[in-house]
Each structure stands twice: as C-alpha cells, then as structure tokens.
Amino acid sequence: MRYVDEFREPQLISKTAEEIRRLAGTERHYRMMEVCGGHTHAIYRFGLKDILPKNIELIHGPGCPVCVLPMGRIDDGLSIAQQSNVIFAAFGDMMRVPGTQGSPFEHKARGMDVRIVYSPSDALKLARLNPAKHVMFFAIGFETTAPSTALTIMRAKAEGIRNFSVFCNHVTIIPAIRAILDSPDMRLDAFIGPGHVSTVIGCRPYEWIAQNERKPIVVSGFEPLDMLQSVVMLLRQLKAGEAKVENQYKRVVPWEGNRAALRAMAEVFELRPYFEWRGLGFISQSALRVNDKYAEWDAEQRFEVPGIRVTDPKAAQCGEVLKGVLKPHQCKLFGRECTPEHPIGALMVSSEGSCAAYHNYEHRKAAMVSLSSVA
Amino acid sequence: MCLAIPGKIVEIASDNQDSAVVDVVGVRRKIDLGLLQDDKPVPGDWVLIHVGFAMSKISEQDAADQMNTLRMLGEMDGTMQEVKGYGLEEVN
C-alpha cells in the first residue's frame, strides 16, 4: 500500500479499493486478464496487487508487441539489413530483443547501420536524408501503431520516396484474445480491455467477447484509479450475471474508434492468412501485411526474406506465462538463466513484458523483504 | 509502447495541414495530424501523441493527468528522449 499516497486522489483510491473488497467478498476467486502490456507494467509499478484482495487474480495477457514477435522475424529483418546500403530503423523497444545472432544493438556493434527512431515518419525522414541508401523500417505494434505506419507508407508513395520500405510485423488484438479464449487450459472470468488500441478500433470489436463468450470486458485507462474502477465495473457485471462491453476510458476512447486511422490501415494493409505469435503459435488472420498497391514499400516483396523459424528454448515457458497458466516466477529459467540483463525469452526483454515487470518490481520487493527479515 | 504522451498544438504548418508543432513539457516537436482528419485540432488544443502521430484530442485536465501517470510509471525520461526523436526532429 506504500504507493497509495503518491497517487492522484488517494482518498478516492482507498474508497474504490474498499468497494472492490466489498464486491469481491471471500466466497469465490476471480481471474481477470489485462490484455495490454502497458497495463501490466502499470499494475506492477503501482503495486496494485497489494491493493486488490487475494481472491482477485490478474492474468497478464498477450498485449506486448515485442513479446509476441517470434525470433525468426527478427532474424529475417536483420538479414535484409545485412545487405549493403541498407539502414535498419526501429523503435527503441526493439533494439535489445535477441535474434539467433544477437540483437539489433549487437549487430550495430558489428558494423550494421542500425538507427533508433521514435516514429515511422522519422524513418521516412532518414530515407530523405540518405538518398543513396535504403531505409528499412522494422514495424511492430498493435492497432495503436499500425495506422501511423500506414500513413507513413502513403506519404512515401505520395512523395515518390523509393528508398524506403517497411518490414511489417503489425498484429491485431482480437484474434489473440480469441486464441486465448479457445485455449483449453484457460479459465478467465473477465477482461480489462486495452486503452490505446481502443482509441483506434473503438469498443465494438469486443462485443463478441460479451455476447458469445459471456465474459465482461471494460476498456480501461492507465492510472491506478482507472484500473481499480475497471475492476469495480467488472465485479458489478459478474455479480449481476451480466456480460457487457463497457468503457471506463471515455475521456480518450470513443465508442466508434478513430475512423481516419482505420481508413489508413484499410488503404495500405491486408490481413495475412496466418501469423506466428511467440508463445501462442500460429493464429489465423491475426497480422497485417502491405497490400499490392503499396508493394514497392513492402520490404518482404522488395527483398529476399529467408523466412527463418526459430523454436524457443525448451526450458523457457514463455507460452504458459503468456496464457497465464504459469506465473513468471514459476518458469524454470526465471531470475536464473533469464533476467532483464540477459533475456532468453521475449517476456523478459520489454518493460511491458510480464516477466520483466515481475522481475523489476515483485522480485526486488521479495528480495528486500527477505533481507529485512534477516536484519 | 502502449503509452502515449500529451502535447499542446502550437502551430499548424501553412503549407501542410497535416503537419503541426506541439509543445510537450517545453520540448517542441513536429507531429503528424493525418490520423485526426475527421476532427482536426487547432492551435491551443491538446492531443495524445503516439509514435509521432496525434491519436486523439483530449482536455487540458486529461493531459495533466496523463503526464502524471507517465511520471509515476517512471517513463518520463524515456518518453522525453523519444519525443526529442533522438535528435532527429527537434524544432527550435
């Protein structure tokens, strides 16, 4: 509870926590999945587990784009960049993600031209500044980032910039939720829906979760109070035997989403028949590729791509952790072979990955407690 | 990656309606307004920015709250580094 005083409106937080305890009672156990990696990070950072009663269990979902990207895609992207005159541009999150021959940063140390960009439009700017080179943007992300990549490709075409391409790894959130619900070892009561993905897709795409699967889902903001309020809304539905889509994050998320962003995605991308997700396997129609109209800006169509498939080390149990079957610390490699400094599985690489979040906050806290009990 | 940063629109380019300069806690940066075509912001409006693109219009209060969340998440330094575009696109 030590963080509560630092939060905005600490009194309201305490009141909401009280309401959660009252609604949750003690009779049954509730399993709620937060889909978004940003929520996972916030839950650990804010110590929300200490505020929630023990019979509410938060399961960390698949919404960290770096974590679900198979290692073979990193190898594929890097193999394109190994060709002469190619600049490899990617978000900072990607730089430490290991491929079989090392991360983009390690390739940079060996002489590859690797640049961190904040925005796909910065990658396009690199192409303008380096007309004699080819800039390949390694695109990752859910529907939050996909429209920005789409618009950047449209701008490249409009300006006739031909030394620029996108290696597209954009994925879509709904098929991943469906795959998790279809998984036989999965038992979930409700979902905390992603905040910023929903600014783009809106709330309608979640309706099948409520109607067909009878699971409540509440789209949530990222502040501690937002997430606690979302838990209250979910508990109220569960207690009443209801299953609805609700929007706690109305101040940012319109019910219909952002139509201009959806138009840009529809203009540039098409669904892949299937795509591999790390830990979840192949999921049909779960990812985007650049369509033929924009083929010239598609790195997969412009360059030879080896199509590398890499199996994760058998001992790593990323898949089980990703589906919430295991807690991060229950993986055999957690905190020993696999740490944020030397990640083996991708869940340890990004601060939004559940293993890294768990390691950075819970694990450290446990170490402090055991130290102080010794003293 | 899922986080977005609030910024205040300072000016919109006269030759390109999709290009704006925003102020993010004192740092000025060019952003793209192309994803808000249906509801164009004007100077003085606050927007949530994700990877260099304005994603939605928000109120000034929400902007302050969002900034506070980033601070509490320990993401301010990293986010500001990103906003500066690693030196690529700062506007003076």
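Here is what the cut-offs are and how they apply
- Residues numbered from 1 in each chain as written.
- Chains lettered and ligands numbered in written order.
- Predicted model: local features only at pLDDT ≥ 70, side-chain atom pairs only at ≥ 80, totals over all residues.
- Helix = DSSP H or I, 4+ residues; strand = E, 2+ residues; numbered from the N terminus.
- Buried ≥ 20, exposed ≤ 12 C-beta atoms within 10 Å, placed from the backbone.
- Contact = placed C-beta atoms within 7 Å.
- Rg over C-alpha atoms; globule rule 2.2 N^0.38 Å.
- pLDDT = per-residue confidence, 0-100.
- Axes fitted to C-alpha atoms, helices over the stretch in contact; angles between N-to-C directions.
- Parallel < 35°, antiparallel > 145°, perpendicular 65-115°, else oblique.
- Left-handed = near helix turned anticlockwise from the far one by under 90°.
- Nonpolar A, V, L, I, M, F, W, Y, C, P; charged D, E, K, R; others polar.
- Pairing = 2+ DSSP bridges.
- Domains from an automatic or database assignment.
- Right-handed = clockwise from strand over helix to strand, strands pointing away.
- Core = buried A, V, L, I, M, F, W, Y, C linked by C-beta atoms within 7 Å.

1. Quick word on the overall build of chain B
Here comes step 1: Along the backbone of chain B there are two helices and five strands.
Here comes step 2: In sequence order, chain B lays out its α and β elements as β-β-β-β-β-α-α.
Here comes step 3: The 92 residues of chain B split such that 41% are buried.
Here comes step 4: Long-range pairs, those at least 24 residues apart, make up 41% of the contacts in chain B between residues at least 6 apart in sequence.

2. Description of the overall build of chain A
Here comes step 1: Along chain A, the regular secondary structure elements total 16 helices and 13 strands.
Here comes step 2: Its C-alpha atoms give chain A a radius of gyration of 21 Å, near enough to 21 Å, the size a compact globule of 375 residues would have.
Here comes step 3: Projected onto the principal axes, the alpha-carbon positions of chain A cover approximately 65 × 50 × 40 Å.
Here comes step 4: Expressed as a percentage of its 375 residues, the buried residues of chain A come to 52%.
Here comes step 5: When contacts within chain A are restricted to residue pairs at least 6 apart in sequence, those whose partners lie at least 24 apart make up 75%.

3. What to know about the confidence of the model for chain B
Here comes step 1: Looking at chain B, the pLDDT average stands at 85 and 89% of residues meet or exceed 70.
Here comes step 2: Of the two predicted TM-score estimates for the complex, the pTM is 0.92 and the ipTM is 0.89.

4. Some details on the packing of helix α8 (residues 146–159) of chain A against helix α13 (residues 259–268) of chain A
All names here are of chain A.
Here comes step 1: Remark: α8 packs on α13, axes separated minimally by 8 Å, with the N-to-C direction vectors making an angle of 60°. As summarised for this structure, α8 and α13 are arranged oblique, according to the angle between their axes. α8 and α13 meet at a crossing whose hand is left-handed. Packed against α8, whose contacting residues are A146, P147, A150, L151, I153 and M154, the element α13 presents A261, A264, M265, E267 and V268 at the interface.
Here comes step 2: Considered class by class, the residues forming the contact of α8 with α13 number 10 nonpolar, no polar and one charged.

5. Remarks on the sheet that holds strand β2 (residues 56–63) of chain A
All names here are of chain A.
Here comes step 1: Spatially, β2-β1-β7-β8-β9 is the arrangement adopted by the five strands of the open sheet, whose pairing is parallel. The open sheet is flanked by β2 and β9 (245–247), the only strands paired with a single partner. Strand-to-strand, the axes of this sheet are offset by a mean angle of 20°, without reference to chain direction.
Here comes step 2: Two strands pair when backbone bridges link them, and strand β8 (residues 217–219) and β9 are joined in this way by three bridges, in the parallel orientation. When the bridges of β9 are listed, V218 appears paired with E246.
Here comes step 3: Helix α9 (residues 173–182) contacts β1 (30–36) and β2 of the sheet and is inclined by roughly 130° relative to β2.

6. Some points on the domain arrangement of chain A
Residues and elements named next belong to chain A.
Here comes step 1: Domain annotation for chain A reports domain 1 (4–65 + 174–247), domain 2 (67–165 + 275–302) and domain 3 (318–370).
Here comes step 2: For domain 1 versus domain 2, the distance between C-alpha centres works out to 32 Å.
Here comes step 3: Contacts between domain 1 and domain 2 engage 12 residues on the former and 14 residues on the latter.
Here comes step 4: Taken together, the residues of the side of domain 1 that touches domain 2 break down into nine nonpolar, three polar and no charged.

7. Notes on the interface of chain B and chain A
Interface size is commonly expressed as the accessible area that is lost once the parts come together.
Here comes step 1: Residue-level contacts link 31 residues of chain B with 36 residues of chain A.
Here comes step 2: Broken down by secondary-structure element, the contributors of at least two residues to the side of chain B that touches chain A are β4 (46–50), β5 (53–58), α1 (60–72) and α2 (76–83) of chain B.
Here comes step 3: Looking at which element gives the most residues to the side of chain B that touches chain A, the answer is α1(B), with five residues.
Here comes step 4: Classifying every residue of the side of chain B that touches chain A by side-chain character gives 16 nonpolar, nine polar and six charged.

8. Structural notes on the pairing of strand β6 (residues 164–170) of chain A
Residue and element names in this part refer to chain A.
Here comes step 1: Burial of β6 is extensive: seven of the seven residues sit out of reach of the surface.
Here comes step 2: Alternating positions in β6 separate into two faces, F164, V166, C168 and H170 on one and S165, F167 and N169 on the other, with burial throughout.
Here comes step 3: Note that strand β5 (residues 134–141) and β6 share seven bridges and pair parallel. The residue of β6 that forms the bridge with M136 is S165.
Here comes step 4: Each parallel crossover has a hand, and the one from β5 via α8 to β6 is right-handed.

9. Focus: helix α5 (residues 71–81) of chain A
Every α-helix carries 3.6 residues per turn, so stepping three or four residues along brings you back to the same face.
Here comes step 1: Buried residues of α5(A): R73(A), I74(A), D76(A), G77(A), L78(A), I80(A) and A81(A), and no others.
Here comes step 2: Along its buried surface, α5(A) packs onto β3 (86–90), α6 (104–109), β5, β6 and α14 (299–302) of chain A.

10. Some remarks on the packing of helix α1 (residues 10–24) of chain A against helix α12 (residues 224–240) of chain A
Residues and elements named next belong to chain A.
Here comes step 1: Between α1 and α12, whose axes approach to 10 Å, the crossing angle comes to 25°. The orientation of α1 relative to α12 falls into the category roughly parallel. Judged by the sense of rotation from one axis to the other, the crossing of α1 with α12 is left-handed. Between α1 and α12, the residues in contact are L12, I13, T16, A17, E19, I20, L23 and A24 and P224, L225, L228, Q229, V231, V232, L235, R236 and K239, respectively.

11. Quick word on the nonpolar core
One recurring pattern in soluble globular proteins is that nonpolar side chains are buried together.
Here comes step 1: Core analysis: the biggest nonpolar cluster contains 140 residues, and M32(A), A89(A), M136(A) and F138(A) have the highest contact counts within it.
Here comes step 2: Filtering out sequence-adjacent residues up to four positions away, M136(A) remains in contact with I80(A), A81(A), V86(A), I87(A), F88(A), A89(A), S165(A), F167(A) and A299(A).

12. Quick look at the environment of N55(A)
Here comes step 1: One can find N55(A) in the loop between α3 (48–51) and β2.
Here comes step 2: Sequence separation between N55(A) and S79(A) is 24 residues, and the spatial gap between their C-alpha atoms is 48 Å.

13. Considering the sheet that holds strand β4 (residues 114–116) of chain A
Residues and elements named next belong to chain A.
Here comes step 1: Read across the sheet, four strands follow the order β4-β3-β5-β6 without closing on themselves; strand pairing throughout is parallel. Every other strand in the sheet has two partners, leaving β4 and β6 as the edge strands with one partner each. Adjacent strand axes in the sheet meet at a mean angle of 25° when their direction is disregarded.
Here comes step 2: Inspection of the sheet shows β3 paired to β5 by four bridges, in the parallel sense. Bridge pairing in β5 places F88 opposite M136.
Here comes step 3: On the sheet, α5 packs against β3, β5 and β6 and is oriented at approximately 145° with respect to β3.
Here comes step 4: Relative to the sheet, α8 contacts β5 and β6, its axis offset from that of β6 by approximately 160°.

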